[in-house]
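Each chain, letter by letter, is given below.
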There are 4 protein chains.
Amino acid sequence: MNSKLSLVCALACLFSIQLSAQKHSSTPPEVSPMPMKPQMTEIWEPEVPVVTPGEKLGDAPSDAIILFDGSNLDQWVSQKDNTKPAPWKIVDNDHFEVVPGSGGISTKMKFGDCQLHIEFSAPDKVEGESQGRGNSGVFLQNRYELQILDSYNNRTYRNGQAGSIYKDHAPLVNAMRSPLEWNTYDIIYRAPRFKEDGRLDSKATITVLHNGVLVQNHSVINGNTYYIGLHNYPSAHGDDVISLQDHGNKTQFRNIWLRKL
Amino acid sequence: MNSKLSLVCALACLFSIQLSAQKHSSTPPEVSPMPMKPQMTEIWEPEVPVVTPGEKLGDAPSDAIILFDGSNLDQWVSQKDNTKPAPWKIVDNDHFEVVPGSGGISTKMKFGDCQLHIEFSAPDKVEGESQGRGNSGVFLQNRYELQILDSYNNRTYRNGQAGSIYKDHAPLVNAMRSPLEWNTYDIIYRAPRFKEDGRLDSKATITVLHNGVLVQNHSVINGNTYYIGLHNYPSAHGDDVISLQDHGNKTQFRNIWLRKL
Amino acid sequence: MNSKLSLVCALACLFSIQLSAQKHSSTPPEVSPMPMKPQMTEIWEPEVPVVTPGEKLGDAPSDAIILFDGSNLDQWVSQKDNTKPAPWKIVDNDHFEVVPGSGGISTKMKFGDCQLHIEFSAPDKVEGESQGRGNSGVFLQNRYELQILDSYNNRTYRNGQAGSIYKDHAPLVNAMRSPLEWNTYDIIYRAPRFKEDGRLDSKATITVLHNGVLVQNHSVINGNTYYIGLHNYPSAHGDDVISLQDHGNKTQFRNIWLRKL
Amino acid sequence: MNSKLSLVCALACLFSIQLSAQKHSSTPPEVSPMPMKPQMTEIWEPEVPVVTPGEKLGDAPSDAIILFDGSNLDQWVSQKDNTKPAPWKIVDNDHFEVVPGSGGISTKMKFGDCQLHIEFSAPDKVEGESQGRGNSGVFLQNRYELQILDSYNNRTYRNGQAGSIYKDHAPLVNAMRSPLEWNTYDIIYRAPRFKEDGRLDSKATITVLHNGVLVQNHSVINGNTYYIGLHNYPSAHGDDVISLQDHGNKTQFRNIWLRKL
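Residues numbered from 1 in each chain as written. Chains lettered and ligands numbered in written order. Predicted model: local features only at pLDDT ≥ 70, side-chain atom pairs only at ≥ 80, totals over all residues. Heavy atoms only, no water.

- In the annotation of an unreviewed UniProt entry, chain A is listed under the name Conserved hypothetical periplasmic protein and assigned to Zobellia galactanivorans.

1. Regarding the overall build of chain A
Thinking step 1. Counting secondary structure elements, chain A contains one helix and 15 strands.
Thinking step 2. By the burial criterion, 62% of the 261 residues in chain A qualify as buried.
Thinking step 3. Counting only carbon and sulfur atoms, one obtains 50% of the accessible surface of chain A, whose full area is about 10100 Å². (Helix = DSSP H or I, 4+ residues; strand = E, 2+ residues; numbered from the N terminus. Buried < 20%, exposed > 50% of the residue type's maximum accessible area, 1.4 Å probe, protein only. Areas by Shrake-Rupley, 256 points an atom, 1.4 Å probe, with all protein chains shown as cover.)

2. Description of the relation of the copies chain B and chain C
Thinking step 1. Once chain B is rotated about the relating axis by 180 degrees and shifted along it by 0.0 Å, it coincides with chain C to within an RMSD of 0.0 Å. This pairing of chains is accounted for by a two-fold axis.
Thinking step 2. Both copies present the same face, since 100% of the interface residues in chain B are matched by interface residues at the equivalent positions in chain C. (Least-squares fit on C-alpha atoms with pLDDT ≥ 70 in both. Contact = heavy atoms within 4.5 Å.)

3. Regarding the pairing of strand β13 (residues 213-220) of chain D
All names here are of chain D.
Thinking step 1. Here five bridges tie strand β12 (residues 205-210) to β13, and the two strands are oriented antiparallel to one another. Bridged to Thr 205 within β13 is Val 220.
Thinking step 2. Between β12 and β13, which pair antiparallel in sequence order, lie two residues; one of them, Asn 211, sits at a positive phi of approximately 55 degrees. (Pairing = 2+ DSSP bridges.)

4. Considerations on the interface of chain B and chain C
Thinking step 1. Opposite the ten residues of chain B that make contact, chain C presents ten residues.
Thinking step 2. Note on chain B versus chain C: buried area summed over both sides is about 740 Å², and carbon and sulfur give 39% of it.
Thinking step 3. On the chain B side of the interface with chain C, the three residues burying the most area are B:Lys195, B:Asp201 and B:Leu230, jointly 44% of the side's total.
Thinking step 4. For the pair chain B and chain C, the interface holds six salt bridges.
Thinking step 5. Residues C:Asp201 and B:Arg193 are paired through a salt bridge, measuring 2.7 Å at the closest nitrogen-oxygen approach. (Buried area = accessible area lost by both parts, 1.4 Å probe. Salt bridge = Lys/Arg side-chain N within 4 Å of Asp/Glu carboxyl O.)

5. Brief notes about the environment of D:Gln131
Thinking step 1. Along the chain, the position of D:Gln131 falls in the loop between β6 (114-121) and β7 (136-140).
Thinking step 2. Taking the C-alpha atoms as reference points, D:Gln131 and D:His247, 116 residues apart in sequence, are found 9.4 Å from one another.

6. Digging into the environment of D:Lys260
Thinking step 1. Among the secondary structure elements, D:Lys260 is positioned in strand β15 (residues 252-260).
Thinking step 2. Note: C-alpha distance between D:Lys260 and D:Asp63 (197 residues apart in sequence) is 8.7 Å.

7. Considering the packing of aromatic side chains
Residue and element names in this part refer to chain A.
Thinking step 1. All told, the structure shown has 36 aromatic pairs over all chains when counted by the stated rule.
Thinking step 2. Ring geometry for Phe 68 and Phe 96: centres 4.7 Å apart, planes at 90 degrees, overall edge-to-face. Taken as a pair, Phe 68 in strand β1 (residues 65-68) and Phe 96 in strand β4 (residues 95-97) lie far apart in primary sequence, 28 residues in all. Accessibility assignment for this pair places Phe 68 and Phe 96 in one class, buried.
Thinking step 3. By way of ring pairs, the aromatic residues Phe 68, Trp 88, Phe 96 and Phe 253 are connected into one cluster. (Phe/Tyr/Trp six-rings, centres within 6.5 Å; stacked < 30°, edge-to-face > 60°.)

8. What to know about the pattern of salt bridges
Thinking step 1. Inspection of every chain in the model, using the stated rule, returns 56 salt bridges over all chains.
Thinking step 2. The partner of D:Arg155 in a salt bridge is C:Glu47, with the nearest N and O atoms 3.4 Å apart. In this pair, D:Arg155 sits in the loop between β8 (144-148) and β9 (183-190) while C:Glu47 sits in the loop between α1 (3-22) and β1 (65-68), so the two residues belong to two different chains.
Thinking step 3. Residues participating in the shared-partner salt-bridge network are A:Asp113, A:Arg190, A:Arg193, D:Lys195 and D:Asp201.

9. What to know about unusual backbone geometry
Thinking step 1. Backbone torsion omega between B:Glu45 and B:Pro46 reads -10 degrees, so that peptide bond is classified as cis.
Thinking step 2. Tracing the chain through its elements places B:Pro46 in the loop between α1 (3-22) and β1 (65-68).
Thinking step 3. With a phi close to 55 degrees, C:His218 is a non-glycine residue in the positive phi region.
Thinking step 4. Within the secondary structure, C:His218 sits in strand β13 (residues 213-220).

10. Re the side chain of B:Arg143
Thinking step 1. As for its position among the elements, B:Arg143 is in the loop between β7 (136-140) and β8 (144-148).
Thinking step 2. A polar contact is formed between the side chain of B:Arg143 and the backbone oxygen of B:Gln141, at a distance of 2.8 Å. (Polar contact = N/O pair within 3.5 Å; in protein donor to acceptor, adjacent residues only side chain to side chain.)

11. Thoughts on the sheet that holds strand β14 (residues 243-244) of chain A
Residues and elements named next belong to chain A.
Thinking step 1. On the basis of which strands lie adjacent, the open sheet formed by five strands has the order β2-β5-β14-β7-β8 and antiparallel pairing. This sheet does not close on itself; its edge strands, each paired only once, are β2 (76-78) and β8 (144-148).
Thinking step 2. Relative to β14, strand β5 (residues 105-107) is paired through two bridges, and the arrangement is antiparallel. Across the sheet, the residue bridging to Ile 105 is Leu 244, located in β14.

12. Quick notes on the sheet that holds strand β2 (residues 76-78) of chain C
Thinking step 1. The strand order across the open sheet formed by five strands is β2-β5-β14-β7-β8 (chain C), and the pairing between neighbours is antiparallel. In this open sheet, the two edge strands, each paired with only one partner strand, are β2 and β8 (144-148) of chain C.

13. Description of the nonpolar core
Thinking step 1. Of all hydrophobic cores here, the largest spans 45 residues; its most connected members are C:Leu116, C:Tyr189 and C:Phe253.
Thinking step 2. Broken down by secondary-structure element, the contributors of at least two residues to this core are β1, β6 (114-121), β7 (136-140), β8, β9 (183-190), β12 (205-210), β13 and β15 (252-260) of chain C. (Core = buried A, V, L, I, M, F, W, Y, C linked by side-chain atoms within 4.5 Å.)

14. Notes on the confidence of the model for chain A
Residues and elements named next belong to chain A.
Thinking step 1. Averaged over chain A, the pLDDT score is 90; the fraction of residues at 70 or greater is 87%.
Thinking step 2. The model gives residues 1-31 a pLDDT under 50, and that stretch makes 59 contacts with residues more than four places away or in other chains.
Thinking step 3. We note a pTM of 0.90 for the whole complex and an ipTM of 0.89 for its interfaces. (pLDDT = per-residue confidence, 0-100.)

15. Here we look at the environment of C:Asn135
All names here are of chain C.
Thinking step 1. Tracing the chain through its elements places Asn 135 in the loop between β6 and β7.
Thinking step 2. Classification of Asn 135 by relative accessible area gives buried; the value is 2%.
Thinking step 3. Once residues within four sequence positions are removed from consideration, Asn 135 is found in contact with Gln 147, Ile 148, Leu 149, Gln 245, His 247, Asn 249 and Thr 251.

This is the structure we're talking about:
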């Protein structure tokens, strides 16, 4: 350690003493019969990698995989036939829209643990109600659905509204914007783990901020999303695609990026 | 259930069949010898409360407690003497700045589990290095420090840089902006639990997005932050104030809000 | 530290060096630029309380609450009317037996987290099949059922056999003895936690050894046991009684003790 | 479902109603607008495998790997040179004893998650004190030490006594028997998980019953056991041997078996 650093440490020590005079003690009581030195709990290696954040919140940071930036759907394919391009419609070189009846779309790449940012908007024209209004969904690993729905002034079952893990966990709050506005999901996803013999080792977990408001707080996902019946993990799987659901409504999407964790 | 809803259910069922034709099966294999109906896994009560999100990401939602909006430090007191006002300086009716030597500041209100948004900037003039540059910190429950440091082009120990839980967990990445820019922390905090007899029941956990980039992923906090020695939970506590550290540097703060969880 | 202890430490240090010469390194690599001393990670206070174990495995240790030792059912009451004595039958001053139709029995005392030892035997005469044979159950906190069933050569649904958390978690293996033998359950139970406002804070967990064989491995209990429908935690509760189920079969019990955790 | 089973279900239903009349409701409130049937939450497949438990508690069940049954040390090798036989001494065709100075011994087989039963006794002749008396240890995966010590009337640091995870977690209680008696450890161990790139994914956990008394309750192991310095997980690893420590004392061992989990 060079002399400059020593000086820094000495200064830090002074502030520590000052702090302790106020409120905290700088050493734990009764723990360590032999006092330690500050440097003994400093860990220097390995150096933490630098990531340049996006310009403003919601923008992709430097290490993100860009899944949609407005220009094209090259990162996506048709869910009906993954040799075919994604059959949805790009609008204004800005966002894309579900083409009802064309089927869902999936990423070309497969993912496991990730931080995912996605923006969506319910169809501009309000039609239908409950599950019939602005219904779509983000399927993590093609199995676990974070519901998309127009939940703005639209009552449905709590475990099926926007921000829910479909039929598994209701959102903590309903933070949905009106159909003429854009919503964001910021998702922290941990994939399930399986043992070598295929048994489930640990369930998936998910944290979701909906328009910056916490709606899923490290929720434990109880298995594949099913419209009918009890959720479960029927078989082991590795990384898999992210898919977006065609549920017959013209849901819109933009600014989709992902960081592998 | 009214007839409209039945129709919606029927439609949803159709889409479910369509979906299953593509990729998923709509019922789990081998689980339920007697088939269920979709409505059996719909949970309607209690209704999820509505929260109006902020206008853009980082803005306070409708259920937030505003701890600083640019105008005053009325929600804060001096850490040296909590009957005195917070001794830090408001600038331009926009942000406030540490007054070195005046001591830390604390919220008047006490908190436990929370979602906390806070914005900060390292001092405009770059001085010092390692722990000596732009050092401050957010102490959750007045004990558990999320480090603030000017970690832009400034190497220090990994468990002491910006985004670290000080001397406990290094951040996953270094997402620090330059001293002339503002940073955000979006924090999801779960307080430790204690048993009635005072023993620790479960440790605190924290998730942090630094400028929208995940730096702490449900990290388990190992106890009170100490400059010297091993962390621990020396005694039970309930809700407590959030404090900001005076570490001798003119760190700046703005736009602070919190949602109780 | 006295000189004897110093000697011990020095000796321990020697053995540590010896150990490290064989296989382990005695200090972590790259962690601590400034080396520590062994005493810095020794924690002496508070002293760990002494418990005298039972004479052989299954016997009650010195800090156990004895719920049944063969002599009487004074620790139990009728579940139908908890002002009435437990209506079951003591046999041979050794064990007791369900009196079918008399209803379940409950402890007088209420419990939360605990280590529970209980021994049981299916009715000597084998009658019925599946859920109809030797059915009873241990209800932790009067809500969460660890199933008792004669699962010896008796197929039923996997999440309803002996060692299951009824309709929640199947046992890892079927370790049931024949109806003419006694079984043991050694249970490590953590009660659910609720927030002050009544919301669920964390689910209950359970570990069970059935005849010394692990059948539940820190399983997360998904809520109240229901014969029909989805499990859930309908409302907050504190400590509560342990109850044993009258399911119409003459299940036998003996040697029941509990340690509060 | 055949008619017998239907009858069983009908009977079970009756008992369920009886139960609900007493205390529980048989269906959750407000959850399911459309009532379910009991069979919908019965899971039959796959059938749970049968394991024959040992004759009495502590005896090996039918699916155990026998690591020592009194006869020989064929399952063990020298830790100094794993091509050599284990250099410890078998006594009375019943147990074996550390040969001080010969070094530790390791299993030939490698293990991960497991249930491990091991019996041990402190040296008959009481010598030394604190860490100097009857010191040995069980190293899970050759890294994580469950301490063995003669903690009968022998004070030492709490995180170094019998039943501790050495220098990590003190035991909940001290359940040690006298040196002339045998002790049992019943261990439920979950190995740490690592990501494909070598990063730690989840820490190891351990539950320990010492003479049938809970001393570690799903404790999270903070890394490799070090005599000096902070614990950590320095590198990824898979299954590994279990080793027993030669710490210079004639600790005795018998009846060791393991079940893979």
